[in-house]
Each structure stands twice: as C-alpha cells, then as structure tokens.
Amino acid sequence: MFDARTACVVVVGAQWGDEGKGKLVDVLAERADYVVRYQGGANAGHTVVIGDSHFILRQIPSGILHGGVTCVVGNGVVLEPATFFGELDQLAERGVDTSRRILVSDRAHLVLPYHKLLDAASEKSQNIGTTGRGIGPAYEDKYGRRGIRVADLRRLDCARALLTDRVTRANRLLELMGSAERASLEQHEELLARLAPRLLPLAVDAGLVVHRGLRAGRRVLLEGAQGALLDVDHGTYPYVTSSNTTAGGAAVGAGIGPTAIQGVLGVVKAYTTRVGNGPLPTEAESPVGERLRELGGEFGSVTGRPRRCGWFDATVVRYAVRVNGLTGLAVTKLDVLDSFAEIPVCTAYRLDGAVCEEMPAVADALGRVKPVYEVHEGWRQPTGGARRLADLPAAARAYLDRLQTLSGAPVRYVSVGTRRDQIIEV
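Residues numbered from 1 in each chain as written. Predicted model: local features only at pLDDT ≥ 70, side-chain atom pairs only at ≥ 80, totals over all residues. Heavy atoms only, no water.

**Regarding the overall build of the protein chain**
Here is step 1: Within the protein chain one finds twelve helices and 20 strands.
Here is step 2: For 426 residues, the compact-globule formula gives about 22 Å, and the C-alpha radius of gyration of the protein chain, at 21 Å, lands near that figure.
Here is step 3: Oriented by its inertia axes, the alpha-carbon framework of the protein chain measures out at about 65 × 50 × 40 Å.
Here is step 4: Looking at the 426 residues of the protein chain, the share that counts as buried comes to 57%.
Here is step 5: In the protein chain, once contacts between residues fewer than 6 apart in sequence are set aside, the share between residues at least 24 apart is 76%. (Helix = DSSP H or I, 4+ residues; strand = E, 2+ residues; numbered from the N terminus. Rg over C-alpha atoms; globule rule 2.2 N^0.38 Å. Buried < 20%, exposed > 50% of the residue type's maximum accessible area, 1.4 Å probe, protein only. Contact = heavy atoms within 4.5 Å.)

Set out below in structure tokens:
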C-alpha cells in the first residue's frame, strides 16, 4: 500500500473485528516510520506471530515489534493504564526494546477502576456482550465532558478534585443499578499518583508529532481496533463498540486532517466471525460452524470467548467498502478453507420476501434476513506454503476474484497462515 502517493494509510477491520489487522499492520510496519492507534481501548487484541512467538497487543500499536518504528497511542484511544504498562513490561521481558519508541497523546482519556465497575453493572441489564473493561463508560464520560485525560496528571491537585466528583457520581450510579460494588476515592488517588511519574514522560501532542512526521516525508500507518460493523454510527447498533472504528475516525483519533490520508486498507477474513451478541446473517450451524472455529482458532485473544463463525458475507463487506472508502482489501485465513469441498458466499439478503443488497439500518431487520448464497468449488489443497498468487490453486484464485468483484475493492494482500512470511502481496 505504501508508494510515492500513499505515505499515510489507514488499516481498518471490514467485518465484526478479529479480522487479522494486527498481522497486516505488523507486515506493513516494516515500511513505516510511525504506527498510530487511533481508537478503542484494552478491549482489542491484535495478535502477531513471529516464528514460534505469539504477541498479543491490546493497546500498544502492532508496529512495536519493528525496531525502527515509533508507536503512538492517539487521542481517540481510551487508555487503561494497568494493561498498557503490563504490555510494556511483558515486551521488555521478551527482549523488545520500547524505550523512546512509544508515545501517548496527552489528550487521551483514562479508563479508571470505576469505569470497569460501571461496565459490569451495565452489562448485566443490557446484555450487549461487552468485554467488561470499562471502555463504554470511559467514552460516555469523554463525550459527557466528565473524563480525566493524560494531561490532567500534570496537575495532580486538579486531577484529585476531578476524581472526587467522578467517583461520587459513579457510586451513585452503581447504587441505582443495584450493584453492591463501590469505587474507592483513596484507591483512585493513589493510582493517579503512581501513574503520573511513569506516564507523563511518554505524553506528547500526538497529532503534532504525526503532522510533523508527514511533512518531513515519513510514512504513517493508522491502526484501528474492532471492525466496521462495530462502529457506533455505522455498525449493527446497539450491538456495537463505543467509538468510530471506520476510517473516518482515523483522522480525528490521530489528531491529523483527513486530507493527510491517502489509502485505506480493509482487512477481511475469507469467511465471517463475530464475538458476542447481535445479528450474524451467515452464521453456520453445527457442525460446520464448530469446524470453522477449530480450524481457524476462533477464540478471542483478549477474552478467550469462542467466536461465532459463518460464511463470507459480501453484503457486509460491500457496506464496509462504502463507509470506509476502501482502496484495497487484505483477505486473511484463506488456509482455513483448504479442506472444504464447497464454500458458500452470501451475495445478498432476502428481507420480508424481497431481495436486499444493502445493509439494513436496524439490527432487528438484519437478524431476520435470509442470506442469498452462491456456492463455490473448494480447492482441497494446502495453501500455507504459497508465497505468490500463482502458487495458489486455481479454485482459490477464482474464489478471491469473486470476493473482489462482489466487494467492489481490489484484493491487495492474502494471508495463508499466522506467520509473518505467510502473506502474499498481490
């Protein structure tokens, strides 16, 4: 994706998350100078496999495993400090030097213990399927102008005054929700006092850093979390996350202007998965769904929850192409389909007796659609050793061609395994 015309590229998920964005960012980061995480929080888990080593990154950008890359946590992220520093410590233990290579926006909001308590209490009544990591309540406080930001740690006396009000409010809400849990003001004050000396040396005006990098000719990757169908505006509301996961959120969450973005790569699996509640039109019944799950290792990297699995849904991906302005696709986990004799692809829906080629706005309607399938011949050959498009079986190439046609965006990358070297650049 990087060339003389595309110095700034966004990598987004084009389904319901877990598409393999971390691997694509890791591969592309070899050509990048900056990798910027622009939204989400510790509810995201990006897995990178190097040799026999697995790295699961929740808040640190996936480019951290390349020594020459500066990684930036943007203002659009809600930062959970314990997880963030836990990741840094684990990377250090495994020999990854992150010194002077990780920066945090001073405008990023903090996820604090009371947010997690509120998240758990809210999930009991709403049953949305959140990870319980406080992401939603932190974003609620951000947009309600009640948040505490990294920059507030520069004046701990003011931050403590903010805490008194926020903790009192949180405890009042917990009582109203019938929770027996309560947040401790003293615990929160001690937490901020411990955080400030370690977090403030990393705090910068991240948008300015990225802006200056682009003006100096540096290459920038903007890394999103979750997927387009979990976007708070464009996803399957209310079964969505609390931020804008689509490419439109990248400029806002990184602190740069939208005209700086020159390419948008959408990552999709060769089939479809979803974690948690909400409609999944192409969900496969057992034993096929279980077979996809086992072959693909479809268990959440953060929560360990089993993912729901089904066939490729071109209606979903066409929608993601449109709302993200995708300039290319990366198709991951093609190898998971190696043993299937037939592979259905959803080309449209039937809704209340009529053919529907666009995404319904209401989750209830999406839950009632019936997929319109076309069935493709499987290739029944291993693809994990392929390193060029020509190395793939003819049926696999035909399958990719059809996904490209149905989706409306060209396939730029194909992943045939978990390792760095198991990727084909088209």
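**Concerning the packing of helix H5 (residues 156-176) against helix H6 (residues 185-199)**
Any two packed helices are characterised by the angle at which their axes cross and by the distance between the axes.
Here is step 1: Contact geometry of H5 with H6 gives a least axis separation of 10 Å together with a crossing angle of 150 degrees. One way to sum up the angle between H5 and H6 is to call them roughly antiparallel. The crossing of H5 and H6 is right-handed. Taken together, the residues of H6 that come into contact with H5 (itself represented by Leu156, Ala159, Arg160, Leu163, Thr164 and Val167) are Leu185, His188, Glu189, Leu192, Ala193 and Ala196.
Here is step 2: Looking at the contact of H5 with H6, its residues break down into eight nonpolar, two polar and two charged. (Axes fitted to C-alpha atoms, helices over the stretch in contact; angles between N-to-C directions. Parallel < 35°, antiparallel > 145°, perpendicular 65-115°, else oblique. Left-handed = near helix turned anticlockwise from the far one by under 90°. Nonpolar A, V, L, I, M, F, W, Y, C, P; charged D, E, K, R; others polar.)

**So, the nonpolar core**
Here is step 1: Counting 70 residues, the largest nonpolar core has Val10, Leu222, Leu334, Leu337 and Tyr399 as its most contacted members.
Here is step 2: In terms of residue count, the dominant contributor to this core is helix H10 (residues 314-324) (six residues).
Here is step 3: Apart from the residues within four sequence positions on either side, Leu334 is in contact with Ala270, Trp379, Thr383, Leu392, Ala396, Tyr399, Leu400, Val414, Ser415 and Val416.
Here is step 4: Among the nonpolar cores identified, the runner-up in size contains 56 residues, and Val69, Tyr114, Leu191 and Leu221 belong to it. (Core = buried A, V, L, I, M, F, W, Y, C linked by side-chain atoms within 4.5 Å.)

**Here's the deal with H10**
Here is step 1: Here H10 lies mainly inside the structure; eight of its eleven residues are buried.
Here is step 2: Those residues of H10 lying buried are Ala314, Thr315, Val316, Val317, Tyr319, Ala320, Val321 and Asn324.
Here is step 3: Looking at the buried side of H10, the elements it contacts are strand E1 (8-13), strand E11 (263-269), strand E14 (312-313), strand E15 (328-332), strand E16 (342-351) and helix H12 (394-407).
Here is step 4: For H10, the N-terminal capping position is held by Asp313, with its side-chain oxygen 3.0 Å away from the main-chain nitrogen of Thr315.
Here is step 5: Positive backbone phi, at 65 degrees, marks Gly325, one or two positions downstream of H10. (Polar contact = N/O pair within 3.5 Å; in protein donor to acceptor, adjacent residues only side chain to side chain.)

**Description of the sheet that holds strand E5 (residues 70-73)**
Here is step 1: Spatial strand order, E9-E7-E5-E2-E10-E1-E11-E15-E19-E20: ten strands in an open sheet with mixed pairing. The open sheet has two edge strands with one neighbour each: strand E9 (203-204) and strand E20 (423-425).
Here is step 2: Relative to strand E7 (residues 102-105), E5 is paired through three bridges, and the arrangement is parallel. Considered in E7, the bridge of Val72 is made with Leu103. (Pairing = 2+ DSSP bridges.)

**What to know about helix H2 (residues 81-93)**
Here is step 1: Under the 1.5 Å per step criterion, the end-to-end length of H2 is 18 Å for 13 residues, consistent within 8% with the ideal 18 Å.
Here is step 2: If you check which residues of H2 are buried, you get Pro81, Thr83, Phe84, Phe85, Glu87, Leu88 and Leu91.
Here is step 3: Looking at the buried side of H2, the elements it contacts are strand E4 (53-57), E5, strand E6 (78-79), E7, strand E8 (109-110) and H6.
Here is step 4: Backbone geometry just downstream of H2 places Gly95 in the positive-phi region, at approximately 85 degrees. (Expected span 1.5 Å × (residues − 1).)

**Regarding the side chain of Ser105**
Here is step 1: Turning to its location among the elements, Ser105 is positioned in strand E7.
Here is step 2: Sequence-distant contacts of Ser105, defined by excluding residues within four places in its chain, comprise Val73, Gly74, Asn75, Val150, Val204 and Ala206.

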